[in-house]
Amino acid sequence: MKRLCIILALLLAVLMVASLLPAAALAVGPTENDVAAYTNKSGTTYYTTVGAAITAANNGGGGTIELLKNAELKASDVSDSYVFNDGIGTGIYVDEALVLDLGGHTLTCKEYYGLDVTPYASLTVKRGTYVHEGGKYANTYTGCAIQANKVKEAGPGSTITIESDATIKTDGDAVLCQGYNTVYVYGNIYCVSNGVFGMGPCNTVTLDGAYIESDTYAVFQNPYSTKLSFYRAGSTYVIEDSTIIAGSNVQGVYLSNNTGIETTNHKLTIKNSDISAGIGVYLSCTDATIDGESTKIEYTNTTGNSIYFGHDGSGTVGSLAINAGEIVGPIGVQDPGSATNEADILVNGGYFTEPVDVSYLSSEFKYMVHKDLYYSYYETLAEALQAAAPD
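Structural notes on the overall build of the chain
Next up, step 1: Each helix and strand in the chain was counted, giving 4 helices and 37 strands.
Next up, step 2: The principal-axis extents of the C-alpha atoms in the chain amount to approximately 105 × 50 × 35 Å.
Next up, step 3: Scored against the burial criterion, the 391 residues of the chain give a buried share of 49%.
Next up, step 4: For the chain, long-range pairs separated by at least 24 residues make up 57% of all intrachain contacts whose partners lie at least 6 apart in sequence.
Next up, step 5: For the chain, the computed accessible surface area is about 17900 Å², with 52% contributed by carbon and sulfur atoms.

Structure below.
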């Protein structure tokens, strides 16, 4: 009898401990109806809608949501406190550090703003395809798959990462930056509007191994507002080992700013990347460096340019250093008019389908070779003769 009492006491203790465990710790696996698993430091919980998993992640301090099958994210499945509507469209807040692991599946979202990543939060998308079908507002403006937000006008902002095994497909912008955002794109983007849209100021964007195919612009940085008087640093864009294909009537990469405000020039680095568009790269108030033997920047519209410097009416401001790569199409510079702040262009290397303006060439170059489709420039006669020799 005494032994039986001891056994019953031990069993009761085990049951009491089990009752204190969170439900997630008792979960044995997903049911047939579950579409997402949310994991944080407390364990893993399964949900029948992705919206419910988003709500749990926002309430649970972030973590990882893994898709278990193809699913749709609907605002109606998300807690009201994490849904917004500005009269144009609806979006769903990501309020913490969230990893969205698509698990090799496809997540579809038909909300106009898709996922809105709030300031101080972050979103990483990996292992699958996120399809955004937000439609148009007033048959004109498109929404966005991911919106990176900021704190009012002075930041800071959120961080977005598209991993190499992730693909974003959208009928609008893929990643819209409200300002002060950090964006990493290692994966694929297919979009009708902009691939990465710097709508606001002070963004840091890295494309590394990325593939972006857009019906319009692939990378676009808006000029900063002239109505604000405080200092806002220029944005920084790095494009390395990436491929960009944009519309034939627009620029593939567009970085612009206004003069007469408290700011610095944008910074653009292109290395070992292929950019193809009506105008390959458009620059204004930007300091750009083009490098890498496998870089190719080409125009697909014969009325365009491979690279073009423009301005806001106050003259052309910025610099361009070309150290290597193929430049297909002319380099254009907008007439600065009466202004004296012309663009500073320096060619230190590369191959060009159009002769380079002598004023752009490094002072070290003394010889030009025109072979096959390309012009190239050299310091010594020996180098030029070697380049001109038959292959």
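Here we look at the nonpolar core
Among soluble globular proteins, nonpolar side chains are generally buried collectively.
Next up, step 1: By size, the foremost hydrophobic cluster in this structure holds 81 residues, and its most contacted members are Leu207 and Leu268.
Next up, step 2: In terms of nonpolar packing, the next biggest core, distinct from the first, is built from 9 residues, Phe84, Cys144, Tyr254 and Tyr282 among them.

Observations concerning the pairing of strand S9 (residues 122-132)
Next up, step 1: Burial of S9 is extensive: 8 of the 11 residues sit out of reach of the surface.
Next up, step 2: Relative to S9, strand S7 (residues 97-109) runs parallel, the two being bridged by 10 bridges. Considered in S9, the bridge of aspartate 101 is made with lysine 126.
Next up, step 3: Summarising the sheet, S9 and strand S13 (residues 159-162) pair through 4 bridges and their orientation is parallel. Residue pairing in the sheet places leucine 123 in a bridge with isoleucine 160 of S13.
Next up, step 4: Across 5 bridges, S9 lies against strand S14 (residues 166-170) in parallel orientation. Paired with glycine 128 across the strands is alanine 166, a residue of S14.

A short note on unusual backbone geometry
Next up, step 1: For cysteine 202, which is not glycine, the phi torsion reads 60 degrees and is therefore positive.
Next up, step 2: Of note, cysteine 202 is situated in the loop between strand S18 (196-198) and strand S19 (204-208).
Next up, step 3: The exposure class of cysteine 202 is buried, given its relative accessible area of 15%.
Next up, step 4: Not every positive phi belongs to a glycine, and aspartate 241 is a case in point at roughly 50 degrees.
Next up, step 5: As for its placement among the helices and strands, aspartate 241 is situated in the loop between strand S22 (236-240) and strand S23 (243-245).

Structural notes on the pattern of salt bridges
Between side chains of opposite charge, a pair can form when the charged atoms approach closely.
Next up, step 1: Applying the stated rule across the entire model yields 4 salt bridges.
Next up, step 2: The shortest N-O distance in the salt bridge between arginine 127 and aspartate 101 comes to 2.9 Å. With arginine 127 in strand S9 and aspartate 101 in strand S7, this residue pair connects regions lying 26 residues apart in the sequence.
Next up, step 3: Judged by its relative accessible area of 35%, arginine 127 falls in the partly exposed class.
Next up, step 4: The exposure class assigned to aspartate 101 is buried, which follows from its relative accessible area of 8%.

Overview of the environment of serine 242
Next up, step 1: Tracing the sequence through the fold places serine 242 in the loop between S22 and S23.
Next up, step 2: Owing to a relative accessible area of 3%, serine 242 belongs among the buried residues under this scheme.
Next up, step 3: The spacing of serine 242 and tyrosine 186 is 56 residues in sequence and 8.6 Å in space, taken between C-alpha atoms.
Next up, step 4: Apart from the residues lying within four places of it in its own chain, the contact partners of serine 242 are Leu207, Asp208, Gly209, Ala210, Asn272, Ser273 and Asp274.
Next up, step 5: In terms of polar contacts, serine 242 uses its side chain to reach the backbone amide nitrogen of alanine 210, at 3.0 Å.

With respect to the packing of aromatic side chains
Next up, step 1: Within the structure shown, the criterion is met by 14 aromatic pairs.
Next up, step 2: For the pair tyrosine 184 and tyrosine 186, a centre-to-centre distance of 6.2 Å together with 10 degrees between the ring planes defines the contact as stacked.
Next up, step 3: Note on tyrosine 184: relative accessible area 30%, which makes it partly exposed.
Next up, step 4: For tyrosine 186, a relative accessible area of 26% gives the class partly exposed.
Next up, step 5: Over the ring of tyrosine 190 we find lysine 169; its NZ or CZ atom is 5.9 Å from the centre of that ring.
Next up, step 6: The ring of phenylalanine 230 is capped by arginine 232, whose NZ or CZ atom sits 5.7 Å from the centre of that ring.

Rules behind the numbers
Residues numbered from 1 in each chain as written. Predicted model: local features only at pLDDT ≥ 70, side-chain atom pairs only at ≥ 80, totals over all residues. Heavy atoms only, no water. Helix = DSSP H or I, 4+ residues; strand = E, 2+ residues; numbered from the N terminus. Buried < 20%, exposed > 50% of the residue type's maximum accessible area, 1.4 Å probe, protein only. Contact = heavy atoms within 4.5 Å. Areas by Shrake-Rupley, 256 points an atom, 1.4 Å probe, with all protein chains shown as cover. Core = buried A, V, L, I, M, F, W, Y, C linked by side-chain atoms within 4.5 Å. Pairing = 2+ DSSP bridges. Salt bridge = Lys/Arg side-chain N within 4 Å of Asp/Glu carboxyl O. Polar contact = N/O pair within 3.5 Å; in protein donor to acceptor, adjacent residues only side chain to side chain. Phe/Tyr/Trp six-rings, centres within 6.5 Å; stacked < 30°, edge-to-face > 60°. Lys NZ or Arg CZ within 6 Å of the ring centre and 35° of its normal.

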